[in-house]
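Each chain, written out:
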Amino acid sequence: SHIMSEYARMTDTERDQIDQDAQIFMRTCADAIHQLRTEAHKGVQSAQVKEHRTAVLDFIEDYLKRVCKLYSEQRAIRVKRVIDKKRL
């Protein structure tokens, strides 16, 4: 089990790559939501459809914000651990 725990640990380089990929993905999602929001009402006559699309996009945007907040909190914990290790 000791050998497996050594292989299960990620390197700082791997963590940095995941952080970079996550930030790119979150930015891409935010851009896609913004684009959908600008296109959501084009050609739609029904107020009910407009309201529904707005509600769905609000929900998706809120979900993305919660995911980004969770990611930021986890990253802050990682940075704090690195700082604490350097102090020792």
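Definitions and cut-offs
Residues numbered from 1 in each chain as written. Predicted model: local features only at pLDDT ≥ 70, side-chain atom pairs only at ≥ 80, totals over all residues. Heavy atoms only, no water. Helix = DSSP H or I, 4+ residues; strand = E, 2+ residues; numbered from the N terminus. Rg over C-alpha atoms; globule rule 2.2 N^0.38 Å. Buried < 20%, exposed > 50% of the residue type's maximum accessible area, 1.4 Å probe, protein only. Contact = heavy atoms within 4.5 Å. Polar contact = N/O pair within 3.5 Å; in protein donor to acceptor, adjacent residues only side chain to side chain. 1 Å grid on protein atoms, 1.4 Å probe; cavity = no way out; pocket = protein on both sides within 12 Å on 5 of 7 lines; lining within 4 Å. Points joined across faces, edges and corners; volume = space filled by probe spheres on them. Nonpolar A, V, L, I, M, F, W, Y, C, P; charged D, E, K, R; others polar. Salt bridge = Lys/Arg side-chain N within 4 Å of Asp/Glu carboxyl O. Axes fitted to C-alpha atoms, helices over the stretch in contact; angles between N-to-C directions. Parallel < 35°, antiparallel > 145°, perpendicular 65-115°, else oblique. Left-handed = near helix turned anticlockwise from the far one by under 90°.

Which residues make up the overall build of the protein, and what are the values?
Per the secondary structure count, the protein includes 3 helices and 0 strands. In the protein, the succession of helices and strands from N to C terminus is α-α-α. In terms of overall size, the protein is more extended than a compact globule, its C-alpha atoms giving a radius of gyration of 20 Å where 88 residues would be expected to give roughly 12 Å. When the backbone C-alpha atoms are referred to their principal axes, the protein occupies close to 65 × 30 × 20 Å. Across the 88 residues of the protein, 10% fall into the buried class. Long-range contacts, defined here as pairs at least 24 residues apart, represent 61% of the contacts in the protein between residues at least 6 apart.

Requested: an account of the side chain of Arg 78, with residues and values cited.
Relative to the helices and strands, Arg 78 is located in helix 3 (residues 47-87). At 2.4 Å, the side chain of Arg 78 and the side chain of Asp 19 are in polar contact. Once you skip the residues sitting within four places of it in the chain, Arg 78 turns out to touch Asp 12, Arg 15, Asp 16 and Asp 19.

Any chance you could break down the layout of surface pockets for me, citing the residues and the numbers?
Considering only enclosed or pocket space, the largest pocket measures out at about 340 Å³ in volume. Lining of the largest pocket is provided by 13 residues; of these, Met 10, Asp 12, Arg 15, Arg 78 and Arg 81 occupy positions nearest its centre. Secondary-structure elements contributing two or more residues to the lining of the largest pocket are helix 2 (12-39) and helix 3. Tallied by class, the residues present in the lining of the largest pocket amount to 5 nonpolar, 1 polar and 7 charged.

Can you explain the pattern of salt bridges? Please cite residues and give values.
The final tally for this structure, using the stated rule, is 8 salt bridges. Between Arg 37 and Asp 58 there is a salt bridge, and its shortest N-O distance comes to 3.0 Å. Here the residue Arg 37 occupies a position in helix 2, and Asp 58 occupies one in helix 3, the gap between them amounting to 21 residues. A relative accessible area of 26% means that Arg 37 is categorised as partly exposed. The class for Asp 58 is partly exposed, based on a relative accessible area of 39%. We note a salt bridge from Asp 62 to Arg 66, for which the minimum N-O separation is 3.1 Å. Here the residue Asp 62 and the residue Arg 66 both occupy positions in helix 3, the gap between them amounting to 4 residues, near one helical turn.

If you had to explain the packing of helix 2 against helix 3 to someone new, which residues and values would you point to?
It is the contact of helix 2 with helix 3, at a shortest axis distance of 11 Å, that shows an interaxial angle of 160°. As the angle between them shows, helix 2 and helix 3 are arranged roughly antiparallel. Both helix 2 and helix 3 take part in a crossing whose hand is left-handed. From helix 2, Asp 12, Arg 15, Asp 16, Asp 19, Ala 22, Gln 23, Met 26, Cys 29, Ala 30, Ile 33, Leu 36 and Arg 37 reach across to helix 3, where they touch Thr 54, Leu 57, Asp 58, Ile 60, Glu 61, Leu 64, Cys 68, Tyr 71, Arg 75 and Arg 78. Taken together, the residues that form the contact of helix 2 with helix 3 break down as 11 nonpolar, 2 polar and 9 charged.

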